[in-house]
Amino acid sequence: MSLRIKPQPWQRLVHDSYASLPQAWKPPLRFQSLEESPSLQEPRLVQAAGQAMLVHPLQSAFLGGSAQRSEVKWPERFLHTFGEVRLCGDQARIFFEDESTIGPGTGVWAERAAKIRRPLPGMRGRACGEVFHLTGEDHDNRAHFLFEYLPRLHVSRRVREEGMGLLVAPGHARWQSRYLDLLGIPAERLMEGSPGTLRASKLEFVPLLGGDDQYPHMGDPVRFGEMLAEIHREIRRRGWAGQEAGGGQRGRTLLWISRRDAPGRRLANEDELIQTAKAWYAEVRVVVLSGLPFEEQIRLVNHHDHLAGAHGQGMHLSALTRGKRVMFLEQGKRTRDGSWGAAFRNAAELAGNESVSLHSGIAYAGMGRDWHYPREKFEADLRRLAGIGPQISLGTT
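Residues numbered from 1 in each chain as written. Predicted model: local features only at pLDDT ≥ 70, side-chain atom pairs only at ≥ 80, totals over all residues. Heavy atoms only, no water.

Q: Explain the pattern of salt bridges to me, using residue names and the numbers behind them.
A: For the structure shown, the criterion picks out 19 salt bridges. Glu226 is paired through a salt bridge with Arg223; the nearest N and O atoms lie 3.8 Å apart. Pair noted here: Glu226 and Arg223 are both in helix H6 (residues 221-237), with a separation of three residues, about one helical turn. When its relative accessible area of 40% is taken as the criterion, Glu226 is described as partly exposed. Between Glu376 and Arg375 there is a salt bridge; the shortest N-O distance is 3.7 Å. Using a relative accessible area of 52% as the deciding quantity, one classes Glu376 as exposed. Relative accessible area serves as the criterion here: at 28%, Arg375 is assigned to the partly exposed category. Each member of the salt-bridge network shares a partner with another, and the members are Asp181, Glu234, Arg237 and Arg238. (Salt bridge = Lys/Arg side-chain N within 4 Å of Asp/Glu carboxyl O. Helix = DSSP H or I, 4+ residues; strand = E, 2+ residues; numbered from the N terminus. Buried < 20%, exposed > 50% of the residue type's maximum accessible area, 1.4 Å probe, protein only.)

This is the structure we're talking about:
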C-alpha cells in the first residue's frame, strides 16, 4: 500500500509562511488533552506505569567505590484511535474537526508556537487512508528513531499484526525502512508524509513512552530490551552478526565510530586519540558512517570486540550488537540520569553489552561546538579498562 508523496516544496513554503505570521493574525491555537480527545474506541493500554533501577557493572568497576546505578520511571501509555483527522507538517501534528490539537505531554511534537504547523484555512488536505503515526520531532535522527519512535510501534502489537500503513516523515522512508525491516515491517507499508496537510480517515497514535523527566523517551527498559532482542534475532538470521565475542580481553579489536563528517560537536583531537588506542589494541578500524551501507554498519559493529566513539547518533549502533565492550567519550565530568549520554549507555547494556562513559573532565564546549578529550586522560582510561575483566550484564534488577 506504499504511497510516496513528493516533497511538495510549495506546500512547505506556504505552511511555513502561515506559521511565521504574527499570532494576532491567526486564530488562536486551541489545545485539548490526549485523554479528552475524540477517540473512536476505548484507548488500549500498551505500557503499564513503572520504575526500575539500572545497574552499570563496567562503569562501577571503572570508577571503583559504590555501585553505579540509575533510576528510570515511565508512565502508562495507551494506543489511541481517532476518526478523520488532519495531519500537518513533517511532524504530522494532529488536528481534529473542530480545529483543536493535542496539547503538551505526548513528547511527539515541538511545542513552541513558531514550530507548530497548522492546516491552512479551508484546506482539507490530501487523503492518506488509515495509518499509524510514526513521525514527530527529530525524525531525521537515527538515535531518536531507534530509541523513541520504534518503541511506540513495538508496544502496539495489534497495529503490527494487522498490517496498517505507517506514516513516516517525508524524505526519510528510505533509511527508516531499513530499521523497520529488522522488525518484520516491509517497506511497502510505509507512507511518507507531507510538509503540508494530509487527511487520515483513521489514525492510530501512541505518545512517546517516557515520562516528562526522562529524556529520551525509551519507556519500560524490559520492553525496550525485548525489541532489541527481536532485532538481534533477525540480524543473526541474516548472517550479519558473525561470531559473538566477549567484551573483555578476547580479540582486542576496536571499531572507532568517527564524527569527523558531522556538522558540529566533533572531537577535535580524534586522530590523536586513535593513535593512542592503537597501542592497546591488535586492530583499530576507523569508520565514518555516512555513505556506508546499513548492512555493512551492522556487520562492522558485530565483528569487533570493542566499540568507541564520541557522543553522537552514530553510537546508537551499539544497540544493534551484543557481547561487546562499548566506550562512549563525553564532555564534562559525569553522565546525568535522563540525558542522552545515559540513554546510549543504557541502550547498549539492555542490548547485552557492557558499557562505560569516559569523561573529558573539561566543561561543556557549548551548543554544536567541537570539543577536546585530553590524550593523557584517555591513555589512563584505557590502561584502567585493560585491567578490568568482562562485566557483561543486561543491566536491570
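Q: So what about the environment of Ala363? Which residues, and what values?
A: Here Ala363 lies in the loop between strand E17 (354-359) and helix H10 (375-386). According to the relative accessible area criterion, Ala363 is exposed, its value standing at 63%. Each C-alpha atom, one on Ala363 and one on Gly332, is 4.8 Å from the other, the two residues being 31 residues apart in sequence.

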